[in-house]
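Structural characterization, general
Below, each chain spelled out in residue letters.
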Amino acid sequence: MRLRKGRPIAAGAIAVAVVATALTFLALPSAEAATLGSGSYATTTPAGATGPTGCGGIATNPRQYVTANAPAGAVPTNDWWSSLLFKRTDCNYSLPLEAHPMAFKPAANGLGVSYTTEAAISGTATGVGEYHFPYTTEFTLGVAGLNAPNTLVDGWTDWTVTPSWSDGARTLKTTIGHGIPFVYARTSGGNAQLTFGGAPTVWSNSGARVGFTVRGHDYMAYAPTGATWTVSGSTITSTLAGKDYFSVALLPTTTSTSAADRTALANTYGTYAHNHVTGTRVAWSYNQSASTVNASYTVTTTAREGTGSGTVLALYPHQWKSLSGSTPITQTYVSPRGTMKVLTGTGAFTTATRYQGVLPEIPAVADSAGADLSTVGAYLDQVATGDPLAGFGNDTYWTGKALGRAARAAELADQLGRTAQRDALLNAIRTRLTDWFTAGSGESQRLFVYNQAWGTLIGYPASYGSDQELNDHHFHYGYYIAAAATLAKFDKAWAATSAYGGMVNLLIRDANNPDRGDTMFPFLRDFDIYAGHDWASGHGSFGAGNNQESSSEGMNFANALIQWGIATGNTAVRDAGLYIYSTQAQAIQEYWFDSANQNFPSTFAHNTVGMVWGDGGAYATWFSGEPEMIQGINMLPVTGGSFYMGYKPSYIATNYNEMTTNNGGPPTVWQDVLWSFQALGNGDQALANLRANPGYTPEEGESRAHTFHWIRNLAALGTVDASVTANTPLYAVFTKNGQRTYAATNLGSTALTVTFSDGHTLSVGAGTTATNGAFTWSGGNGTSNPPSSPPPTTTSPSPSRSASSSPPPPAGSNKFFLRSGPALNTAAGAGAATQTITAANGNYDGTPHNPVTYTACGITGATNGAATQFALHIDAGTAVGQGVQARVSYDFTGGGTYGRVETYRYFATDPVAGTEQYTQAAGLASSSGTLSAMNRGCVKLELWNAIGNANTTVRVDATAANGNQSTLTIPYTVS
């Protein structure tokens with residue numbers, strides 16, 4: 001969940017056995033900072049910053065919402081049941097808990113139960129749209145007279161939770177969970193009671209069992225032997241024969257409504273009705289020779305009467321499609337994730353998921369004449385010149401994006417033998433990571449803080465709720481871990497646990513801790529073990545349950561664990577990454593892409609979703625309604641761990657074509673990300689699109705070098721060949737025109753022979769990536785000179801989050817230089833270039849139309865009594881009367897609201913040689929608001945052609961020696 005603008009687009013938001021010593025950690029000292037190897041982290045929140053907050057925005061301790069029976073150690077967050085514990089929205093009970101096949105909602109009188117089988121669909125086929133199976137109380141399970149002031153958490157296991165109620169005279173505890181079609185209850189102080197909105201349809205009432213139907217859904221309640229049920233109006237009650245337990249089962253969907261069929265199902269379920277679930281547990285292992293990840297899911301039961309064991313489970317599609325050694329019965333349930341199949345018996349099952357491999361980066365294999373190699377080399381020079389991390393925000397997410405961009409470039413520089421550029425990029429990564437991994441005395445920026453109450457590690461500056469709501473830790477920290485993995489390949493001393501590797505492991509343990517014995521952090525915080533994918537919201541307090549949009553950033557985290565684990569010899573981390581990666585790769589194909597066209601409701605008019613919700617999915621994001629971003633947010637970042645998106649090449653075209661249809665044409669933003677995705681299905685077409693649009697604006701976390709490298713090589717390699725595996729974690733197989741290319745990476749110190757499942761073998765030297773030689777680079781050695789200036793960039797509007805992509809300016813600097821990107825920066829560029837401003841082809845005087853937008857944020861200072869000044873060097877070539885117009889806007893707090901907006905009269909160009917200077921002397925055409933002091937505020941400059949039928953350009957990146965620097969000076973004394 002990324003609340004970039006604070007309001008969601010999605011309307012639904014409203015409505016393992018691991019070696020314990022692998023991540024060994026010293027006890028937390030009581031001082032304000034804790035040392036970990038050469039690094040350190042703080043133990044107190046910086047002044048002015050905040051940690052997790054509960055209902056009403058008040059700092060809270062989650063232990064106030066658990067009973068004495070709850071497990072010790074860190075509490076879970078980011079789960080399907082988190083609103084029960086976090087209580088951020090409902091201060092007493094919780095919002096709906098989407099367990100599947102049932103959903104639940106605690107209330108004062110007990111546990112509301114829902115099973116919705118008809119999807120509610122909203123939106124349009126070409127715009128934002130969503131489907132939900134909304135929570136609707138069918139009955140409430142409780143104790144007669146219960147009126148509890150709140151619901152607490154009595155315990156939890158890997159995919160169950162036990163809510164608890166008490167009003168002083170009566171108590172209720174229920175155990176509910178993913179894939180468990182039972183509610184197990186323990187009571188005291190009164191009769192067991194089922195309460196309905198009206199008289200239920202009772203189809204069986206015999207002895208200890210009562211069967212009833214609500215909204216067409218069949219249930220059976222099971223009391224202890226010797227008990228009976230009494231039906232009276234809208235309630236069903238039982239004394240439980242003096243016992244304290246009962247259960248209610250949701251019976252599967254049947255093709256017959258006969259009493260005999262329902263009774264037969266009730267009898268089957270009755271075998272397990274009093275085997276109350278008291279534990280659930282996952283364990284995983286990696287079979288390297290077979291390239292499979294085996295995961296066992298085990299349910300522990302306690303017999304409340306008799307000596308029975310085992311239970312009934314409902315499996316999600318990603319589970320039953322990978323099931324090993326068990327066979328589901330024919331009965332099924334409806335769920336927001338598609339058909340759930342029923343498994344009865346021992347209460348355990350195993351999945352064997354094929355692992356298709358990852359690489360540090362796509363291999364450099366293709367070029368016939370040397371021109372393309374020169375092109376990527378020149379682009380690489382641009383990335384590695386100056387500070388490769390400049391122009392990004394200082395918070396954990398945007399720092400991560402910067403690190404990810406630099407790491408991708410470093411990997412391809414190494415492949416191309418560009419050691420100077422590689423080392424410059426690695427040095428920048430090392431310096432920035434070391435800064436973040438060191439908490440100095442009184443430091444408040446670029447540090448991590450351990451919050452003991454919540455058992456979490458928070459980076460400051462935080463963003464998108466990563467501090468107060470514990471959102472997105474796997475998104476943010478995955479970039480850090482991935483960059484550290486790249487660095488570790490070249491600087492093992494830095495990556496040692498005794499140096500800074502311990503801090504990398506600390507981030508892993510926070511976001512998805514694989515060590516059950518580590519009480520500092522919860523086990524697998526962000527990964528939902530049974531659902532097979534991450535959840536982004538820490539609190540999950542939404543009417544539609546928890547949510548996640550960027551499944552691909554979750555996969556970036558999983559891939560980072562694989563790469564870091566291999567680079568540092570940490571097999572526990574590697575195998576945790578393999579489990580998360582292989583499981584979630586299948587979940588994404590099922591629940592974000594629905595690539596087999598089986599899981600989305602038949603009337604939902606989209607082939608993909610931008611967000612998965614607990615009760616459905618949405619063709620939407622938290623930050624944009626543009627189709628490119630709705631679909632692209634589940635494609636970025638593009639890395640050597642992105643091959644899972646290409647497991648079904650035919651689906652790539654389905655997904656990409658929907659984007660162009662919904663967009664009304666080819667992409668105009670995030671083109672590089674979308675073309676990179678397209679290349680997994682049709683590299684030749686993606687390359688043609690890239691060559692035809694050299695002026696595109698790179699997505700913030702991408703570089704031209706990496707995009708060209710990725711697409712050009714996939715055009716040669718073809719598509720991912722999912723039919724072949726290898727006996728090493730770092731591998732990939734591609735096929736084109738019937739010819740396979742095999743690739744593998746060896747991070748070890750001795751040569752390695754990799755064997756593929758089709759019998760092919762590949763020798764891989766120490767510290768190298770090798771292919772079978774089907775293609776090779778030729779015509780250059782990676783030392784070509786860069787172009788005299790970067791390629792022009794498009795005038796497509798920047799995505800909404802670009803306002804966060806600039807670092808705070810240094811004290812005293814109120815003069816900004818126009819830089820390619822586009823961006824504003826207090827430092828001049830390294831060499832003059834131009835940025836294209838699209839022709840008006842109409843009259844847009846006073847109204848921005850296809851503007852090029854330059855932004856700087858993090859500004860703090862007081863007004864100085866002056867006025868806005870700018871000097872923009874414009875060139876219209878031989879065209880006459882192009883009207884370039886500027887608008888300058890001030891956001892005083894960085895919250896997205898611009899309190900002062902200044903629109904200047906347009907500047908009519910002449911056909912003179914060279915540039916013309918457009919300044920504030922053109923005069924104000926209009927203005928609104930009053931300048932005010934800025935506290936981490938933003939300034940935005942928009943440039944567009946108000947009139948004229950030809951493109952113009954603005955000069956950017958000029959040095960003082962180049963002259964004619966385009967600048968913006970704001971009327972502030974910056975502090």
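From a predicted model like this one, the values you see are computed outputs, not experimental measurements. (Residues numbered from 1 in each chain as written. Predicted model: local features only at pLDDT ≥ 70, side-chain atom pairs only at ≥ 80, totals over all residues. Heavy atoms only, no water.)

Description of the overall build of the protein
Helix and strand counts for the protein come out as 16 helices and 53 strands. A principal-axis box enclosing the C-alpha atoms of the protein has dimensions of 100 × 70 × 60 Å. Per-residue burial over the protein gives 61% buried out of 975 residues. Counting every atom, the protein has about 31,300 Å² of accessible surface; 49% of that belongs to carbon and sulfur. Taken together, the 50 basic and 59 acidic charged side chains of the protein have centroids lying 3 Å from each other. (Helix = DSSP H or I, 4+ residues; strand = E, 2+ residues; numbered from the N terminus. Buried < 20%, exposed > 50% of the residue type's maximum accessible area, 1.4 Å probe, protein only. Areas by Shrake-Rupley, 256 points an atom, 1.4 Å probe, with all protein chains shown as cover. Lys, Arg positive; Asp, Glu negative; His and termini not counted. Charge placed at Lys NZ, Arg CZ, Asp CG, Glu CD.)

Focus: helix 9 (residues 497-512)
Taking 1.5 Å per residue as the helical rise, helix 9 with its 16 residues ought to reach 22 Å, whereas the 18 Å between its terminal C-alpha atoms falls clearly short. Within helix 9, 14 of the 16 residues are buried, which leaves it mostly tucked inside the rest of the structure. (Expected span 1.5 Å × (residues − 1).)

A few points about the pairing of strand 43 (residues 852-863)
Of all the twelve residues making up strand 43, nine are buried; the element is thus mostly covered by neighbouring parts of the structure. By the bridge criterion, eight bridges tie strand 43 to strand 50 (residues 934-947) in an arrangement that is antiparallel. In the sheet register, A856 faces strand 50, and the bridge partner there is V939. Of the pairings in the sheet, the one linking strand 43 to strand 53 (residues 972-974) comprises three bridges and is antiparallel in character. The partner of A862 across the bridge, within strand 53, is T973. (Pairing = 2+ DSSP bridges.)

Re the sheet that holds strand 12 (residues 182-188)
Strand order in the open sheet formed by eight strands is 9-10-11-12-19-16-15-14, and the pairing between neighbours is antiparallel. Bordering the open sheet on either side are strand 9 (151-156) and strand 14 (201-206), each of which pairs with just one other strand. Direction aside, the axes of adjacent strands within the sheet are offset by 20° on average. Two strands pair when backbone bridges link them, and strand 12 and strand 19 (residues 245-250) are joined in this way by five bridges, in the antiparallel orientation. For F182, the partnering residue across the bridge sits in strand 19 and is A249. (Axes fitted to C-alpha atoms, helices over the stretch in contact; angles between N-to-C directions.)

Describing the state of the cysteines
Counted by the stated rule, this structure contains two disulfides. Through a disulfide, C55 is tied to C91; the S-S separation comes to 1.6 Å. When the S-S torsion is -45°, as for the bridge of C55 with C91, the disulfide is left-handed. Remark: C91 occurs in the loop between helix 1 (83-86) and strand 3 (97-98) and C55 occurs in the loop between strand 2 (39-42) and helix 1; sequence separation between them is 36 residues. Judged by relative accessible area, which is 18%, C55 ranks as buried. (Disulfide = S-S within 2.5 Å.)

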